[in-house]
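Each chain, written out:
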Amino acid sequence: MYHIIINPASRSGRGAKIWAEQVEPALKTGNTEYQTYFSGKAGEVRQLAAQITAEHAAEPDLTLIVLGGDGTINETLQGIADPSKVILGYIPTGSSNDLARDLGISKDPMAALNLILHNNTPRAMDLGRLTYLDEDQPEESRLFAVSCGIGFDAAVCAEAMSSRIKDTMNRIGLGKLTYLGIALKQLITARKVSCTLTLEDKVHDKKESVELPRFLFVTCMSHRYEGGGFMFCPPAVDHDGVLDLCSVGNISKGLVLLALSTAFFGKHYFVKGINAHTATQMSITASAPLWVHTDGEVTRKSRGFRVECLPGAIRMITP
């Protein structure tokens, strides 16, 4: 039995169209046993995932299929009580699809569906967990599949989430350019903030503390891509028990523009001030509250948080 969460993407309608015209007819033709759950508003995907996993808590191999974007995957993770009991399949219909890009899952819905229907060997995949540490706000944790970040990249995600231009660009197949345009705008308006990184990598037996008097962003990644194809962490592997980090600080905005143009190919580390790190656990403290994202989903600003790698936390259907 496949339990399928569908995010219709109400502002663009793309997810609903793909489901109705391609995926559902194929499932019916193949006499596949499945149950569907449609989200109707923000936050409902999380509720649906919680409902499904609670109702089938006794099943050790609950197969949960997500039709949506990276944000839908992220919402789904927040609702899963015990990821180790879940086999996760993905039919990408979003604008970024960074998870699918790194896993090699086709953006062709029928190819992604065939992968799910004919794959009997899902593999373990790491997840990340972010915990906010702000003294004036309640402690909150969020899981992520692809990445989390603070500063510039999160501010881009925050604006993209409410951008009508994004919907228009998605409809004509140019959603990636939305992030690039917003990134340029956010870069111009970015303010000076300092931060401290404390990193512990138990896999490679090393620790370090990094002071950034002026930083633009820090991203923690389990996969190589975020933001619609920026390869910020080329060495990232989703099943090595380690998070890869990219910190950008003490760098002029002109050099950032140059670096961004090469980041699609993972060549940005030639710029002084852009550095790579690894950690199984890290914490960050910033001098001012900044936007924070998990898989492109932005819920609040923060001055500090902790991030941990959860090795092999969920099983994923991949090529």
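Right above here is the structure, for reference.
The sections below set out a description of the structure shown in this document. (Residues numbered from 1 in each chain as written. Predicted model: local features only at pLDDT ≥ 70, side-chain atom pairs only at ≥ 80, totals over all residues. Heavy atoms only, no water.)

**What about the packing of aromatic side chains?**
Scanning the entire structure with this criterion turns up six aromatic pairs. Judged by centre distance (4.3 Å) and plane angle (20 degrees), the rings of F230 and F264 are stacked. With F230 in the loop between β10 (215-221) and β11 (243-249) and F264 in the loop between α9 (253-263) and β12 (274-279), this residue pair connects regions lying 34 residues apart in the sequence. When its relative accessible area of 24% is taken as the criterion, F264 is described as partly exposed. A network of ring pairs unites the aromatic residues F152, F217, F230, F232 and F264 as a single cluster. Sitting over the face of the ring of Y225, R101 holds its NZ or CZ atom 5.8 Å from the ring centroid. It is R300 that lies over the ring of Y132; its NZ or CZ is 4.0 Å from the centre. (Phe/Tyr/Trp six-rings, centres within 6.5 Å; stacked < 30°, edge-to-face > 60°. Helix = DSSP H or I, 4+ residues; strand = E, 2+ residues; numbered from the N terminus. Buried < 20%, exposed > 50% of the residue type's maximum accessible area, 1.4 Å probe, protein only. Lys NZ or Arg CZ within 6 Å of the ring centre and 35° of its normal.)

**As for the packing of helix α1 (residues 14-29) against helix α5 (residues 109-117)**
Put simply, α1 and α5 touch, their axes get as near as 10 Å, and they point 30 degrees apart. Crossing angle aside, the handedness with which α1 passes α5 is right-handed. Along its contact with α1, which presents I18, Q22, V23, A26 and L27, the element α5 presents P109, M110, L113 and L117. The residue inventory of the contact of α1 with α5, partitioned by class, reads eight nonpolar, one polar and no charged. (Axes fitted to C-alpha atoms, helices over the stretch in contact; angles between N-to-C directions. Left-handed = near helix turned anticlockwise from the far one by under 90°. Contact = heavy atoms within 4.5 Å. Nonpolar A, V, L, I, M, F, W, Y, C, P; charged D, E, K, R; others polar.)

**Re a nonpolar patch on the surface**
Nonpolar side chains collect at one region of the surface, where L255, L258 and F270 lie side by side and expose about 270 Å² of accessible area between them. Residue placement: L258 occurs in helix α9. Take L258: its relative accessible area is 38%, and that puts it in the partly exposed class. (Patch = residues over 30% accessible without salt bridge, like charges linked within 9 Å, V, L, I, M, F, W, Y side chains within 5 Å. Areas by Shrake-Rupley, 256 points an atom, 1.4 Å probe, with all protein chains shown as cover. Salt bridge = Lys/Arg side-chain N within 4 Å of Asp/Glu carboxyl O.)

**A short note on unusual backbone geometry**
Positioned with a positive phi, N31 is a non-glycine residue whose angle comes to about 55 degrees. Within the secondary structure, N31 sits in the loop between α1 and β2 (34-38).

**Some details on the environment of H277**
Relative to the elements of secondary structure, H277 occurs in strand β12. In this structure, the C-alpha to C-alpha distance between H277 and A111, residues 166 residues apart in sequence, is 35 Å. Within the structure, the side chain of H277 is placed 3.0 Å from the side chain of S247, a separation counted as a polar contact. (Polar contact = N/O pair within 3.5 Å; in protein donor to acceptor, adjacent residues only side chain to side chain.)

None of the figures reported here should be taken as evidence of function without further support.
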